[in-house]
Amino acid sequence: MPIETLTWLMFGSLFLLLLTGYPLAFLTGGLAVLFIAGLWSPEALSLLPQRVWNNMTQYLLAAIPLFIFMASMLEKSGLIEEIFDVAYKWMGRVPGGLAVATVAASTLLAAMVGVIGAAVVTMALVALPAMLRRGYSPILATGTVMAGGTLGILIPPSVLAIIYGLVANQSVGELYLGSVLPGLLLSALYMGFSVVYALLYPQAAPRIPKEEAPTWGERWRALGKIWAPLLLIFLVLGTIFLGLAAPTEAAAVGAFGSLLVAALHRRLTLANLRLALEQTAKATAMVLWIIFGANAFVAFYVAQGGDRYIADLLLGTGLSPWGILLLMQLILIVLGMFLDWVGILLLAVPVFVPIIRQLGFDPLWFGVLYLVNMQMSFLSPPFGYALFYVRGVAPQIPMGVIYRAAIPFLLLQLTGLVLVMLFPGLATWLPSLVYGR
């Protein structure tokens, strides 16, 4: 079968079946089985178990359940409420203070968990009601919760960076360092937007009355409550950045540390431990099944010459290297409107990264661009995950409001993506400083 026909048949079938709502992992894996059996032979299916086994034995994959468990355990420890309380005490009096505090708390949370769902859902339960009670606009309140929650996909220890490192053969430690400044940049953009919004529309983000503002003593005492998570951040990220531990070993330290944090907060109960383990098992199974299914799908397509076909297609457009890079980013943005982030990675990255190397771009820089881009997928209508996370825990917010709340923050994420493209040093300076790239 000509590769052009196969491309339309494979990806057309995938997009049509996605409209049925069937899980991506089983669609990609099922289509891989059908195409291998139909175009090669049923006997060729024996190659799949070997491919899956090779994936399962990747040492770095062990970091995924460990980081997910750490996120689940910290959520059960009540730590997120305390982080928001500290951020509120320190930033509550600035214009749009509660929105700014929400983003600040989400940024700190992202540096501990690396998992999007837990951050968005918990901040929607904690920060969203607090803002709505104070008379905040649902647009600003919902937008900051969703945008702040997505920082976990970029700021280390991001689970997505681990999978990207495996697929693209890129150092996870370098990816973690490269994503720090872009993550803080986006956090600053979200905070700046909240302040400007509050200044332009003061009735949509009322300031906390002076008489209710916490004293300096209360602020310092509140800060003392979060020494344990700050120490945990240093233990997890510091050991990776200083080269003392690999991401998997650091994840194990983080998982154990989350148990100690839960014990310090008197939340280390059998019930909470069981719930955290259940959440870890479900989330890990989802991620790993997507990895196995999409990997089989892409492996068959590459074996048929699909990667060379896509490369020739992109390089034959007549665009400059920067034009091809922009086209790749546009493709990722469109895919993010419909597909799961892990699926996008496994479908696009194995094809795009060799082209990036061929064009002479820094693959680390491209990896950070990919992570920034994937933040947008969580807010992109119609199927952005963060939109439905908020809808699930805050049914009083109409879906139309949630969509409108996402738009300004999507534009901020696009601004962040453009800035990292124009100033590659945002992604490469820290890795160069630490690893001497």
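For the structure itself, consult the block above.
Residues numbered from 1 in each chain as written. Predicted model: local features only at pLDDT ≥ 70, side-chain atom pairs only at ≥ 80, totals over all residues. Heavy atoms only, no water.

A.B. asks: Is there a simple way to explain the overall build of the chain in this structure?
C.D. replies: What the chain contains, in helices and strands, is 21 helices and zero strands. What you see for the chain is a C-alpha radius of gyration of 22 Å, in line with the 22 Å of a compact globule of 437 residues. Seen along its three principal axes, the alpha-carbon backbone of the chain occupies a region of about 75 × 45 × 45 Å. Among the 437 residues that make up the chain, the fraction classed as buried is 54%. Here the analysis covers contacts within the chain between residues at least 6 apart in sequence; of these, 80% occur between residues at least 24 apart. Of the roughly 18,100 Å² of accessible surface on the chain, 70% is carried by carbon and sulfur atoms. Between the centroid of the 20 positive side chains of the chain and the centroid of its 16 negative side chains there is a distance of 12 Å. (Helix = DSSP H or I, 4+ residues; strand = E, 2+ residues; numbered from the N terminus. Rg over C-alpha atoms; globule rule 2.2 N^0.38 Å. Buried < 20%, exposed > 50% of the residue type's maximum accessible area, 1.4 Å probe, protein only. Contact = heavy atoms within 4.5 Å. Areas by Shrake-Rupley, 256 points an atom, 1.4 Å probe, with all protein chains shown as cover. Lys, Arg positive; Asp, Glu negative; His and termini not counted. Charge placed at Lys NZ, Arg CZ, Asp CG, Glu CD.)

A.B. asks: Even after reading the chapter, I still don't get the packing of helix 8 (residues 138–149) against helix 10 (residues 172–200), so can you show me in this structure?
C.D. replies: In a packed pair of helices, the relevant descriptors are the angle between the two axes and the axis-to-axis distance. Between helix 8 and helix 10, the least distance of the axes is 11 Å, while the angle of their chain directions is 175°. Taken together, the axis directions place helix 8 and helix 10 in an arrangement best described as roughly antiparallel. Contact residues: Ile139, Leu140, Thr144, Ala147 and Gly148 in helix 8; Tyr190, Phe193, Ser194 and Tyr197 in helix 10. Class assignment for the residues of the contact of helix 8 with helix 10 results in six nonpolar, three polar and no charged. (Axes fitted to C-alpha atoms, helices over the stretch in contact; angles between N-to-C directions. Parallel < 35°, antiparallel > 145°, perpendicular 65-115°, else oblique. Nonpolar A, V, L, I, M, F, W, Y, C, P; charged D, E, K, R; others polar.)

A.B. asks: What is the right way to read a nonpolar patch on the surface from this model?
C.D. replies: On the surface, a cluster of nonpolar side chains totalling about 840 Å² of accessible area is made up of Trp227, Leu231, Phe234, Leu235, Leu242, Leu244, Val253 and Leu264. Mapped by element, the contributors of at least two residues to the nonpolar patch are helix 12 (227–241) and helix 13 (247–264). Tracing the backbone through its elements, the reader meets valine 253 in helix 13. Here valine 253 falls in the partly exposed class, since its relative accessible area comes to 36%. (Patch = residues over 30% accessible without salt bridge, like charges linked within 9 Å, V, L, I, M, F, W, Y side chains within 5 Å. Salt bridge = Lys/Arg side-chain N within 4 Å of Asp/Glu carboxyl O.)

A.B. asks: Before we go on, may I ask you to explain the environment of leucine 345 in this structure?
C.D. replies: In this structure, leucine 345 sits in helix 17 (residues 341–359). With relative accessibility at 0%, the residue leucine 345 sits in the buried group. The spacing of leucine 345 and leucine 160 is 185 residues in sequence and 8.7 Å in space, taken between C-alpha atoms. Apart from residues no more than four positions distant in its own chain, leucine 345 is found in contact with Leu160, Ile163, Tyr164, Val167, Pro350 and Tyr370.

A.B. asks: Help me out: how do you make sense of the packing of helix 10 against helix 20 (residues 399–422) in this one?
C.D. replies: Where helix 10 contacts helix 20, the axes come no closer than 10 Å and their chain directions differ by 140°. In terms of orientation, helix 10 lies oblique with respect to helix 20. Viewed along their axes, helix 10 and helix 20 form a crossing whose handedness is right-handed. Of the residues in helix 20, those touching helix 10 at Pro182, Leu185, Leu186, Leu189, Tyr190 and Phe193 are Pro408, Phe409, Leu412, Gln413, Gly416, Leu419 and Val420. (Left-handed = near helix turned anticlockwise from the far one by under 90°.)

A.B. asks: Can you help me understand the packing of aromatic side chains in this one?
C.D. replies: The geometry of an aromatic ring pair comes down to the distance between the two centres and the angle between the two planes. Summed over the entire model, instances satisfying the criterion amount to 14 aromatic pairs. A connected cluster of aromatic rings, assembled from ring pairs, spans Tyr190, Phe193, Tyr197, Tyr201 and Phe409. (Phe/Tyr/Trp six-rings, centres within 6.5 Å; stacked < 30°, edge-to-face > 60°.)

A.B. asks: I'm lost on the nonpolar core in this one. Help?
C.D. replies: Counting 152 residues, the largest nonpolar core has Phe67, Phe84, Met146, Ile163, Tyr164, Trp341 and Tyr370 as the members making the most contacts within it. The element contributing the most residues to this core is helix 17, with 13 residues. Formed by five residues, the second largest nonpolar core is a distinct cluster that contains Phe69, Met73, Ala255 and Ala262. (Core = buried A, V, L, I, M, F, W, Y, C linked by side-chain atoms within 4.5 Å.)

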